[in-house]
Amino acid sequence: MTFPANGNSLRGLDALDAAKTEVEKHCPGVVSCADLLAYAARDMIVLSGNPKYDVPAGRRDSFNTPGGLASALPKGNDTVAFLQQAFADRGLTLQDMVVLEGSHSIGQTRCQNTIAEVGSMDKMPDTAKFVDKQFLQMEKQKYCPESKEVLFGELRVPLFPDNPNNSDWGNAFYNHIMKGRGSLPFDVSLAVEQTTKGMVQRYASDSAQWQKMFNEAMVKLGKVNVLTGDQGEIRRNCKWINAVSTA
Ligand code: HEM
C-alpha cells in the first residue's frame, strides 16, 4: 500500500517478490523480507560500483505497516537542521546523513519534490541563492515544465540530472551539489549549510573515503528500529502479513 508521502514513488517491489519466491522454495520461513530488502539494497549498491559489505541478518517482519511511517520519510524540501534531528532520533549522526545522501547520485524523484516546485526553497533562502540558475532552467524546461504543474506528483526527474542513465555512482554527486546542481533542495543545501559543507567538500575530493564510510553508514541504517528474536514474524509473502497471506 502507498500513502501520499510515497505514492507514485515505490518501484521495484516485483524484484523483491521474485527473490522471496526463490528463497522460500529452498528455505521456507527463515529469511525475512526485511533482510531480503537489506541484501537487495547492498547488491544494488555493489552493482553500481561500491565495494561489497556484509549485511548483518536476523531482522524480522512487522505485523503491520502504519501509514504514519511513510509520512515520516524525509522530504526534498526539509532543512538540514530538521533532518539532522530526525536522524539523531534514530541514532544516526549528521555525518551518516551526509554520507548516505551520496546515494542520490542514482535514481529519480517526482517534480513535486524538486527545486522546480514553486516555494520549495522558502525554508532555505541561502540555498535558493546558491542554486545554479541555468541548471534550474534546464530542470524546468526538460523535466518539470510549469505548464504541467498539475502532474508534478507523477512526472519524474533524475536525482542527479547530469547522470540520467544512473551510470555514475558515487562521489560525483558531491561535486555536483557544490556547483548548486541538484534536483532536491535539501541536497543542494548540504553544500551551503555551515554544518555540512565541509563534509561535502571532503567527500567530493576523496572517493575511497566516502565509499568506506557509506558502507559503514548503510550497516548502521540497517539496524534502526529492527524487530529481532521473537518479535514480529517471517512473512511468507512480502506484500502481506501471514494472517491474511495465501502464499
Ligand atoms: C537524508 C535525507 C533524505 C532525503 C531528504 C531524501 C529525499 C528523497 C526524495 C524526495 C526522493 C524522491 C522520492 C520520489 O519523489 O519518488 C528520494 C529518492 C531516493 N533516495 Fe532519498 N532521501 C534521503 C535519504 C536517503 C538515504 C539515506 C538513502 C539510501 C541510503 C536514499 C536513497 C534514495 C534513492 C536510491 C532514491 C531513488 C529512488 C528511485 O529511483 O525510485 N535517500 N530521496
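Residues numbered from 1 in each chain as written. Predicted model: local features only at pLDDT ≥ 70, side-chain atom pairs only at ≥ 80, totals over all residues. Heavy atoms only, no water.

- An unreviewed UniProt entry lists the chain under the name peroxidase, with Chenopodium quinoa as the source organism.
- According to the UniProt record, the Sequence similarities (unreviewed entry) comment for the chain reads "Belongs to the peroxidase family." (UniProt positions renumbered as here; feature names shortened; annotations may be inferred.)

Section: the coordination of the iron atom of the ligand
Four donors placed tetrahedrally about a metal ideally form angles of 109.5 degrees, and six donors placed octahedrally ideally form angles of 90 or 180 degrees.
1) Next: Only one protein atom coordinates the iron atom of the ligand: His104 (NE2), located 2.1 Å from the metal.
2) Next: Tracing the sequence through the fold places His104 in the loop between helix H5 (94-100) and strand S1 (108-110). (Donors = N, O, S within 2.8 Å, 3.2 Å for Na, K, Ca; no water. Helix = DSSP H or I, 4+ residues; strand = E, 2+ residues; numbered from the N terminus.)

Description of the site of the ligand
1) Next: Inspection of the region around the ligand gives 22 residues, with Ser9, Arg11, Glu101, His104 and Asn113 positioned closest.
2) Next: For the ligand, an oxygen atom lies 2.5 Å from a polar atom in the side chain of Arg11.
3) Next: Thr109 is positioned such that a nitrogen or oxygen atom in its side chain is 3.3 Å from an oxygen atom of the ligand.
4) Next: The dominant element in the shell around the ligand, judged by the number of residues it contributes, is S1, at three residues.
5) Next: Split by residue class, the shell around the ligand holds nine nonpolar, eight polar and five charged. (Near = heavy atom within 4 Å. Polar contact = N/O pair within 3.5 Å; in protein donor to acceptor, adjacent residues only side chain to side chain. Nonpolar A, V, L, I, M, F, W, Y, C, P; charged D, E, K, R; others polar.)

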